[in-house]
Every structure is written in C-alpha cells, then in structure tokens.
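Summary of structural features
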Amino acid sequence: MTGQAKAGRPNQYLRNLNSKIASIPMILTAVVIFLGGSIWTVAYSFTSSKLLPRLNFVGLDQYHRLWAAPRWIISIENLAVYGILSMIFSLVIGFVLAALMDQKIRFENTFRTIFLYPFALSFIVTGLVWQWLLNPEFGIQSVVRSLGWTSFTFDPLYTQSIVIYGVLIAALWQGTGLVMCLMLAGLRGIDEDIWKAARVDGIPMWRTYLFIVIPMMRPVFITTLVIIASGIVKVYDLVVAQTSGGPGISSEVPAKYVYDYMFQAQNLGQGFAASTMMLVTVAIIIIPWAYLEFGGGRKRV
C-alpha cells in the first residue's frame, strides 16, 4: 500500500514545473552574470592589469597598495560614518513619521505623497538640489543671514571635517519617505485588538510601541535594513553630484574610488581589488544574517 501511494505521488522535482521553468532565465542571469562576474573580478584583483585585463599575477600587491592609500582609508571611514548614521536616523525618523501617520490624521494621503516624493527623484537630482541649498552664497546660510542672523554659518559641503554630514542630510531627505511607507504598512498590519488590550491594561503608548509593536514588526525592520544597507554600500552618484569627492578627498567613498581607478586612472587591478573588498564586506554582513534568518534559526522537525 505504501509503495502504491509513493508510486501515485508526483516526483517532487516535477512539482510547480511551470514556475521552475520560468525561473530559469533569472537563475542563469544570477549564476553567469553575478557569480561569474564576481569570480572574474576577484581573480583579476591579483593581477597587474592596467588599461586592459591581463593574467599577470602579482599576489597581494594590489591589496597592499590599497590599504596603504590614504584615499581608500578616508573612503572607508566616510562609508562607516555615513552608513551607521544613515541606518539609525532613517529607521528612527521613518518609524516616528509612520507612527504619527498611523493616528488616522486628516489628509493622510497628501502627507504620504509629500514624504515619499523625494524617493522618486534620482540621486543626481537630489545631490544637485542639496548642493544648491547648502551653498553658502545663495542657499540656507544666505537666506538666514538675510533675515538678520548675520553670524549664522551652515556650509557643511565646504568644510572637510563635516562634509560627509552634508551628504547624509541629502540621503535622509530622499530615503526617509520610503522607510516611513514600509513602517506604516507594518503598523497597519498590527491587530487592532492588541491596541485595545494595551489601553485596557493601562500600558503607556510608548511602552506598547517599544515592547509589543516593534518586536512584532521584526520582518519589516529586517527588510528595511536590507534596503538601506544596499543603498549605503553603492552610494556614489549622490557624492559625485554634491561634492565630487571634495573638498580635496574628504568625501570620498569606496564606489567612487573603484570607478576612478578603473576608468580614469586606468588601473583595473587596483579597482578590482577595491571592489573585491566591498564584496567581502557585504558577504561578512549578509552571510551570518542569512544563516540566522533562514538556516540556524529554524527548528528541525
């Protein structure tokens, strides 16, 4: 009987056959282009390739030069500052805005559109807009001084020690609206009975959010963090539009370093080494998270 039942069952590899066939192009693209391109980049990072790639292996020379370059060190420091603050402020501001929007305020759709609109703009447009706003000659500083505060100073893009914070302001203006919408979708998925029970028990609203609502929104926070992190690692056009890496090299980021060495300095080996380090950084962050989320955290039956 058991053998007949097994014989009557379809092969597990033939289940959802249409969807598996439809996913073949995506799988081939991921394997051939992404995985193949990554392996090719890593392999040529150990060569002395200049204008054109060539298999002239030099071991770890490119990596020694990379970590000895002050420009690369500055770009890593900038990315760390930009990334940490971007994650913190995006999540906090986005969640606070979503919590306020969740109070069934009037003109909610209008406010939601206003907050989300900057995300529809390209980073180049955002960078140029904020380059104008932060220009001391005719931007925010000039407007405030014209109102009587003649000693007011606000020119982060022209001060080496704080230029990365000027870039951060533009990034928050563009990306916080998307975070707000994601958080609002998560809040709208919370059962109304939970809110009612919290009110009946006399639990303050801030404790309800902190100890009940936020833990229930864990998947939303994970998705949001992945989206924010992907934008942080590849930040390039916003920096180019606002500062072009200046003043000097004070606002350099790894993606700009890779581009400049590969296409301007015509040093493919150095560019490949820098891009490999970016890939390793992403892997160090993503692999443990993926294992805990989809592998080690599962209960085996």
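The structure presented is a predicted model; accordingly, all values stated were derived computationally and were not measured.

Looking now at helix α11 (residues 205-216). Counted at 1.5 Å a residue, the expected span for α11 with its 12 residues is 16 Å, and the 15 Å between its end C-alpha atoms agrees. Within α11 the residues assigned to the buried category are T208, Y209 and V213. The buried residues of α11 occupy one face: seen down the axis, they fall within an arc of 95°. The inward-facing, buried residues of α11 abut α5 (70-101), α9 (163-188) and α10 (192-200).

The next point concerns the UniProt feature "transmembrane region" (unreviewed entry) in the protein chain. Residues given the UniProt feature "transmembrane region" (unreviewed entry) here are residues 21-46, 79-101, 113-133, 162-187, 208-233 and 272-292. For residues 79-101, helix accounts for 100% and strand for 0%, while the C-alpha atoms at its two ends are 31 Å apart.

What follows deals with the packing of aromatic side chains. Given two aromatic rings, their pairing is described by the distance between the two centres and the angle made by the two planes. According to the stated counting rule, one finds 15 aromatic pairs in the structure shown. Plain terms: the ring middles of W67 and W72 are 5.9 Å apart, the flat faces sit at 85° to each other, and that makes the pair edge-to-face. In this structure W67 comes out as partly exposed when scored by relative accessible area, which is 43%. Given the relative accessible area of 1%, W72 is considered buried. Residues W132 and F138 carry aromatic rings whose centres are separated by 6.0 Å and whose planes lie at 35° to one another, so their mutual orientation is tilted. Ring-pair connections join several aromatic residues into one group, and the members of that group are W67, W72, Y257 and Y261.

This part is about the pattern of salt bridges. Enumeration over the complete set of coordinates arrives at 7 salt bridges. Across the salt bridge formed by D102 and R188, the nearest N and O atoms sit 2.7 Å from each other. Taken together, the residues D102 in the loop between α5 and α6 (108-116) and R188 in helix α9 connect sequence positions 86 residues apart. If you follow the salt bridges from partner to partner, you end up with R71, E252, K256 and D260 in one network.

You can see D260 is positioned in helix α14 (residues 254-264). Among the polar contacts listed, one links the side chain of D260 to the side chain of R71, at a separation of 2.3 Å. With sequence-adjacent residues up to four places away left out, D260 is seen in contact with R71, E252 and A265.

This part takes up the packing of α5 against α14. Here α5 crosses α14 at 150°, and the two axes come no closer than 8 Å. Touching R71, W72, S75, I76 and L79 of α5 are P254, K256, Y257, D260 and Y261, all from α14. Of the residues contributing to the contact of α5 with α14, the split by class is 6 nonpolar, 1 polar and 3 charged.

Attention now goes to the nonpolar core. With 36 residues, the main nonpolar core has Y82, M183 and M217 as its most contacted residues. Sorting the residues of this core by element identifies α5, α9, α11, α12 (218-233) and α13 (237-242) as the ones contributing at least two each. Here the element with the most residues in this core is α9; it accounts for 13 residues. Contact partners of M217, with chain neighbours within four places excluded, come to F95, M183, G186, L187 and I190.

Let us look at the layout of surface pockets. When its volume is computed, the largest pocket comes out at roughly 750 Å³. A229, V233, T281, V282 and I285 are the residues nearest the centre of the largest pocket, which is lined by 26 residues in total. Contributions of two or more residues to the lining of the largest pocket are made by α5, α12, α14 and α15 (268-295). Element by element, the count of residues in the lining of the largest pocket is highest for α15, at 8 residues. Considered as a void within the structure, the second largest pocket measures approximately 440 Å³ in volume. Lining the second largest pocket are 20 residues; nearest its centre among them are F119, F123, G175, I227 and G231. Looking at the lining of the second largest pocket, the elements with two or more residues in it are α5, α9 and α12. Grouping the constituent residues of the lining of the second largest pocket by class yields 11 nonpolar, 7 polar and 2 charged.

What counts and what doesn't
Residues numbered from 1 in each chain as written. Predicted model: local features only at pLDDT ≥ 70, side-chain atom pairs only at ≥ 80, totals over all residues. Heavy atoms only, no water. Helix = DSSP H or I, 4+ residues; strand = E, 2+ residues; numbered from the N terminus. Expected span 1.5 Å × (residues − 1). Buried < 20%, exposed > 50% of the residue type's maximum accessible area, 1.4 Å probe, protein only. Arc of directions from axis to C-beta. Contact = heavy atoms within 4.5 Å. UniProt positions renumbered as here; feature names shortened; annotations may be inferred. Phe/Tyr/Trp six-rings, centres within 6.5 Å; stacked < 30°, edge-to-face > 60°. Salt bridge = Lys/Arg side-chain N within 4 Å of Asp/Glu carboxyl O. Polar contact = N/O pair within 3.5 Å; in protein donor to acceptor, adjacent residues only side chain to side chain. Axes fitted to C-alpha atoms, helices over the stretch in contact; angles between N-to-C directions. Nonpolar A, V, L, I, M, F, W, Y, C, P; charged D, E, K, R; others polar. Core = buried A, V, L, I, M, F, W, Y, C linked by side-chain atoms within 4.5 Å. 1 Å grid on protein atoms, 1.4 Å probe; cavity = no way out; pocket = protein on both sides within 12 Å on 5 of 7 lines; lining within 4 Å. Points joined across faces, edges and corners; volume = space filled by probe spheres on them.

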